[in-house]
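# Coordinate inspection notes
Here's the letter readout for the chains.
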Amino acid sequence: MNRDELLQQITALDFYIIDLHLYLNTHPNDGQALELYNASVRKVKELREEYTQRFGMLLANNTESRQPWQWIDDPWPWQRAFNFNLGEDMG
Amino acid sequence: MNIYDPEVTAAGCVPQETTIEGVKLAHAYVPFQKLCDTFTPEGALMKGTAFPPLVNVYGWRPKDKGDTAGE
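The text that follows walks through the structure, step by step, so that each part is easy to find.

Rules used in this analysis
Residues numbered from 1 in each chain as written. Chains lettered and ligands numbered in written order. Predicted model: local features only at pLDDT ≥ 70, side-chain atom pairs only at ≥ 80, totals over all residues. Helix = DSSP H or I, 4+ residues; strand = E, 2+ residues; numbered from the N terminus. Contact = placed C-beta atoms within 7 Å. Buried ≥ 20, exposed ≤ 12 C-beta atoms within 10 Å, placed from the backbone. Nonpolar A, V, L, I, M, F, W, Y, C, P; charged D, E, K, R; others polar. Expected span 1.5 Å × (residues − 1). Axes fitted to C-alpha atoms, helices over the stretch in contact; angles between N-to-C directions. Parallel < 35°, antiparallel > 145°, perpendicular 65-115°, else oblique. Left-handed = near helix turned anticlockwise from the far one by under 90°. Core = buried A, V, L, I, M, F, W, Y, C linked by C-beta atoms within 7 Å.

On to the overall build of chain B. Secondary structure assignment for chain B yields two helices and zero strands. Long-range pairs, those at least 24 residues apart, make up 26% of the contacts in chain B with a sequence separation of at least 6.

Have a look at this one:
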């Protein structure tokens, strides 16, 4: 998986997790939703670790950095070059 | 097993409650959602929701260029 693909999967899972979180607020006993939520949280945690190891920090907080400090490496997350294109080919 | 595969869970599933009891006049009611299946995470990001029954529930479509305001 290249950097864009990895970032896209992390973004998609983060969004998916938020939507399940909202559902679970009103359906706290829905085991199927909770299973999907937990599996997705585990998956995105793995992907985030892989991203950090291969491409640097996604967050300045709670993320380990190699030497030298990685956060100031270009591009910044809010710059166009950092982000993937949300194309028609997705899902 | 792909946990996001709708084939696994969606067969014959109705994604909302179909009877609301104890209704009163002049009160609005929203049927409770039930989980049948979800989009894949990538599909959810494109659609703006993880839940297929919540896509475009008000029938929104992009306006044609010729449309005037208020139509």
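The rest of the description comes next.
The secondary structure content of chain A amounts to two helices and zero strands. Taken along its principal axes, the extent of the C-alpha atoms in chain A is 45 × 30 × 20 Å. Among the 91 residues that make up chain A, the fraction classed as buried is 15%. Counted over contacts in chain A with a minimum sequence separation of 6, partners at least 24 positions apart contribute 43%.

The subject of this paragraph is the interface of chain B and chain A. Facing the 14 residues of chain B at the interface are 16 residues of chain A. In terms of residue count, the dominant contributor to the side of chain B that touches chain A is helix 2 (residues 41-47) of chain B (six residues). Across the side of chain B that touches chain A, the residue classes break down as eight nonpolar, five polar and one charged.

What follows concerns unusual backbone geometry. Each neighbour pair has its own omega, and for A:Gln67 with A:Pro68 the value is -15°, a cis peptide bond. Take A:Pro68: it is sitting in the segment after helix 2 (31-55). We note that B:Ala26 has phi near 65°; this positive angle belongs to a residue other than glycine. For B:Ala26, the location among the structural elements is in the loop between helix 1 (6-9) and helix 2.

Turning our eyes to something else, we now look at helix 2 of chain A. For helix 2 of chain A, which comprises 25 residues, the first-to-last C-alpha distance of 35 Å matches the rise-based estimate of 36 Å (1.5 Å per residue) to within 8%. Buried residues of helix 2 of chain A: A:Leu36, A:Ser40, A:Val44 and A:Tyr51, and no others. If you follow the buried residues of helix 2 of chain A, they end up packed against helix 1 (3-26) of chain A together with helix 2 of chain B. Just past helix 2 of chain A, the residue A:Gly56 takes up positive phi, approximately 105°.

Moving on, we get to helix 1 of chain A. A rise of 1.5 Å per residue sets the reference length of helix 1 of chain A, with its 24 residues, at 34 Å; its end C-alpha atoms lie 36 Å apart and thus fit the reference within 8%. Within the span of helix 1 of chain A, buried status applies to A:Gln8, A:Gln9, A:Ile10, A:Ala12, A:Leu13, A:Tyr16, A:Ile17, A:Asp19, A:Leu20 and A:Tyr23. Contacts from the buried residues of helix 1 of chain A go to helix 2 of chain A together with helix 2 of chain B.

Residues and elements named next belong to chain A. The contact between helix 1 and helix 2 brings their axes to 9 Å, and the two run at 150°. On the basis of the axis angle, helix 1 is roughly antiparallel to helix 2. Two packed elements cross with a definite hand, and for helix 1 against helix 2 that hand is left-handed.

So, about the nonpolar core. The biggest cluster of nonpolar side chains holds 15 residues, and the ones touching the most others in it are A:Ala12, A:Leu13, A:Tyr16, A:Ile17, A:Leu20, B:Ala44 and B:Ala50. If one sorts the elements of this core by residue count, helix 1 of chain A sits on top with seven residues. Those residues in contact with A:Tyr16 that sit more than four places away from it in its chain are A:Ser40, B:Pro41, B:Ala44 and B:Ala50.

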